[in-house]
Amino acid sequence: MTDRASDRAPDGAPDGAETPGAEPPGAETAGARSSDLHPPGTEGSAPAAPTSDDGVDDALALVGRPQAAPSARTASPAPQDPPAPAGRHRATPWPEARAIAARAGAEAAGGRRGEAVPLDEALGRVLAGALEALTDLPPFDTSAMDGWAVAGPGPWRIESENAVLAGHAPAGALADGDAVRIATGGRVPAGATAVVRSEHARTESTKSSKSTESTKSTESTKRTQSTNGAHDTNAPTPGRLHALRDVVPGQDIRPRGQECRRGDRLLPAGSTVTPAVLGLAAAAGYDALTVHPRPRVEVLVLGDELLAAGLPHEGLIRDALGPLLAPWLRALGVEVVGTRRIGDDAEALYAAVTGSAADVVVTTGGTAAGPVDHVHPVLAKAGATLLVDGVKVRPGHPMLLARLADGRPLVGLPGNPLAAVSGLLTLAEPLLRTLAGRPAQDPYRAVVREEVHGHPYDTRLVPVLVRGAEAVPLRYNGPAMLRGIATADGVAVIPPGGARPGQSLDVLDLPWPATVADAAPDGGCFT
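A. Region of the structure containing the sheet that holds strand 19 (residues 385–389). Here we have 6 strands laid out as an open sheet, ordered 17-14-18-22-21-19, and mixed in their pairing. Lying at the two open borders of the sheet, with one neighbouring strand each, are strand 17 (335–341) and strand 19. Between one strand axis and the next, the sheet turns through 20 degrees on average, direction left out of account. Each of strand 14 (296–301), strand 18 (360–364), strand 19, strand 21 (400–403) and strand 22 (409–413) touches helix 8 (residues 417–435); the most contacted strand, strand 22, lies at about 165 degrees to it.

Here it is, written out as structure tokens:
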């Protein structure tokens, strides 16, 4: 950057939009290891020998003017890969690398049994089997409203002042012509034909009185009233109930089994347990749910130049990936068993990789071919098989995926922070998703607001702000930068050659909601 003006977005573009003054896409930043630029690799190969770096050529190819949009009359041929240097393998195309990672996760999940966990520990987990109702819902006829349970046509005799409350059984069956107060959720008494809402009814009080007729006549009347289900005329009674609207049989009664019957499938296997799912499971009779085990992941941070605290000094820089990776991985639904800082020590790395008790090992840095890049030699010594050794994506092309001798996956992320994020989205997320039994999350589509420079041969991942149906590329998108991704709503997938304004692109979601405002209250720039 030459001055502050060159660091601003163009007029009319939001802060953080990509500008010509930004770092050339795919170029490595100063201070990054040059050996992290290009890895060797092919799927299924053993770790390859170190090769020469061609990062300068790639950077020069991106600095030039962006490619023009293809003519409507003349179709432009797709960019072709340059010949691979002698002794170097071709990297895996980005979509293929994601598919390989998903298959590797599914293979690693084979034979893993579900585990039963209490409802209060199941949030965010994935159902290992279908959720089937253990009872009818509702389990009995219930009132949908506060009001009166009535039997037959009205007006109705009010049976008593004792209401039927939720959680309490009614005193007995209603005789034809009777009514009783009932609360929402209360069990409807046997014999009731409808519920009349309180606001749709009126009561007529009747004062108690003593009969002036003979005892014989009174006894006869009592017997008659008893036969009709009425109360003694000498006893106090609230009177009668009148409906203010027509009453339809069954109205405001939730019949037993209205939502489901016992044995009905409520949710399929693979469903994520949300708060609503927990409520449904509890209503359906569950105290615990059978879910897929959380993948256990250990993170190994490599690099002698990394500081765990304090300000950078004397060639040392802060470790950004240690604090970033564990919560990112947890957001993907895994259990992070630990983050260890290994440094540039091949023997320590070998011991950590082969001795880890985690289901998946994630390393950062050391995936290329420099003098202290030990990941490839350690994997070869450990008898690992490379499934992906380099991906045609920027940033992050030195990423790799390996299967250790005991079948456990290892994801090797590049050391540059945004390149490591690219590796998370490309390899770690598909692998861990299928290992955890989660269904695939398809990218959503958005129209890019402005032109985005592309790599001539590789896919490019660019942090974006999503505003409505538009994606706005963020400016700070160099391999070593986190300022752009920290304010992003997603990551746009830029095809080889770049994207023109108005072009529809896939956008990868991030595992957290966007929470950063477009601009600071003082007018400062977040991006």
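B. Quick peek at the environment of Glu259. Within the secondary structure, Glu259 is located in the loop between strand 11 (253–254) and strand 12 (265–267). For the pair Glu259 and Asp136, spaced 123 residues apart in the sequence, the C-alpha separation amounts to 7.7 Å. Every residue in contact with Glu259, bar those within four places of it in the chain, is listed here: Leu137, Pro138 and Leu280.

C. Region of the structure containing the pairing of strand 5 (residues 147–150). With 4 bridges joining them, strand 5 and strand 7 (residues 178–182) adopt antiparallel strand pairing. Paired with Gly147 across the two strands is Ile182, which belongs to strand 7.

D. Here's a closer look at the pairing of strand 25 (residues 470–473). Pairing geometry for strand 23 (residues 444–448) and strand 25, over 2 bridges, is parallel. Across the sheet, Val447 pairs through a bridge with Glu470, a residue of strand 25. In terms of strand pairing, strand 24 (residues 459–467) meets strand 25 through 4 bridges, oriented antiparallel. Bridging across to strand 25, Leu465 finds its partner in Val472.

E. Region of the structure containing helix 2 (residues 94–109). Taking 1.5 Å as the rise per residue, helix 2 with 16 residues should run 22 Å; its terminal C-alpha atoms sit 23 Å apart, in good agreement. Three or more residues of helix 2 are buried, namely Trp94, Ala97, Arg98, Ile100, Ala101, Ala102, Ala104, Gly105 and Ala109. Note on helix 2: the residue one or two positions beyond its end, Gly111, has a positive phi of about 90 degrees.

F. Local environment of the pattern of salt bridges. Counted by the stated rule, this structure contains 16 salt bridges. Put simply, Asp136 and Arg256 hold a salt bridge, and the shortest N to O gap is 2.8 Å. Within this pair, whereas Asp136 is found in the loop between strand 3 (131–132) and strand 4 (142–143), its partner Arg256 is found in the loop between strand 11 and strand 12, the two being separated by 120 residues in sequence. Asp136 gets classed as buried once you look at its relative accessible area, which sits at 11%. Since its relative accessible area comes to 47%, Arg256 is described here as partly exposed. Put simply, Asp136, Arg256 and Arg261 are held in one network by salt bridges that share partners.

Calculation criteria
Residues numbered from 1 in each chain as written. Predicted model: local features only at pLDDT ≥ 70, side-chain atom pairs only at ≥ 80, totals over all residues. Heavy atoms only, no water. Pairing = 2+ DSSP bridges. Helix = DSSP H or I, 4+ residues; strand = E, 2+ residues; numbered from the N terminus. Axes fitted to C-alpha atoms, helices over the stretch in contact; angles between N-to-C directions. Contact = heavy atoms within 4.5 Å. Expected span 1.5 Å × (residues − 1). Buried < 20%, exposed > 50% of the residue type's maximum accessible area, 1.4 Å probe, protein only. Salt bridge = Lys/Arg side-chain N within 4 Å of Asp/Glu carboxyl O.

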